[in-house]
Amino acid sequence: QVQLVESGGGSVQAGGSLRLSCEASGVPISSLLMGWFRQAPGKEREVLAGIWPTSASTAYADSVKGRFTVSQDNAKNTVYLQMNSLKPEDTAIYYCAAGRSRFASRLDRRSYDYWGQGTQVTVSS
């Protein structure tokens with residue numbers, strides 16, 4: 001089994017920064033596709049970024065490209081989402097996810113099989 005635990009959510013003013021962490025257990029992240037998603041009230045879950053920890057190959061949604069960065073620490077079995085230049089529209093519950101398929105796509109929700117519990121991010125103006 002794969003278990004994912006997010007941390008680092010909270011409240012920040014517009015223009016500020018926040019770093020989210022996702023610690024995986026049960027399997028090394030090097031054997032997984034890892035991703036970050038968010039869901040705002042009344043909206044569908046939105047993919048933000050994905051990473052293949054084996055190669056550190058990343059992909060980003062247009063909405064966060066240039067502001068958010070995903071990274072990894074294999075020794076800690078953890079992936080991160082560094083969020084800069086935050087905007088009020090970034091307010092949402094943020095989720096970490098993992099997939100096992102070798103044919104997975106980084107920005108395709110269908111590629112992900114395991115999900116964290118979510119962490120709230122609130123950006124005030």
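Higher on the page you've got the structure.
Just so it is clear, the structure is predicted and the values come from calculations on it, not from any experiment. (Residues numbered from 1 in each chain as written. Predicted model: local features only at pLDDT ≥ 70, side-chain atom pairs only at ≥ 80, totals over all residues. Heavy atoms only, no water.)

A. Fine view of the nonpolar core. Among the nonpolar cores identified, the biggest contains 30 residues, and Leu4, Met34, Trp36, Phe68, Leu81, Met83 and Tyr94 are the most heavily contacted of them. Mapped by element, the contributors of at least two residues to this core are β3 (18-25), β4 (33-39), β5 (46-52), β7 (68-73), β8 (78-83), β9 (92-99) and β11 (119-124). Core analysis: the next-biggest nonpolar cluster, separate from the first, contains seven residues, Phe37, Val47, Ala97 and Ala104 among them. (Core = buried A, V, L, I, M, F, W, Y, C linked by side-chain atoms within 4.5 Å. Buried < 20%, exposed > 50% of the residue type's maximum accessible area, 1.4 Å probe, protein only. Helix = DSSP H or I, 4+ residues; strand = E, 2+ residues; numbered from the N terminus.)

B. Molecular detail of the sheet that holds β7. Spatially, four strands are ordered β1-β3-β8-β7 in an open sheet, and the strand pairing comes out antiparallel. Each end of this open sheet is capped by a strand with a single partner; those strands are β1 (3-7) and β7. If you compare each strand with its neighbour and ignore which way they point, the axes differ by 20 degrees on average. The pairing of β7 with β8 spans six bridges and is classified as antiparallel. The residue of β8 that forms the bridge with glutamine 72 is valine 79. (Pairing = 2+ DSSP bridges. Axes fitted to C-alpha atoms, helices over the stretch in contact; angles between N-to-C directions.)

C. A look at the state of the cysteines. If you walk through the whole model with that rule in mind, you get one disulfide. Residue pairing for cysteine 22: its cysteine sulfur links by disulfide to cysteine 96, the two sulfurs lying 1.9 Å apart. Negative torsions about the S-S bond denote left-handed disulfides, and the value of about -70 degrees found for cysteine 22 with cysteine 96 makes this one left-handed. Within this pair, whereas cysteine 22 is found in strand β3, its partner cysteine 96 is found in strand β9, the two being separated by 74 residues in sequence. The exposure classification of cysteine 22 matches that of cysteine 96, with both residues buried. (Disulfide = S-S within 2.5 Å.)

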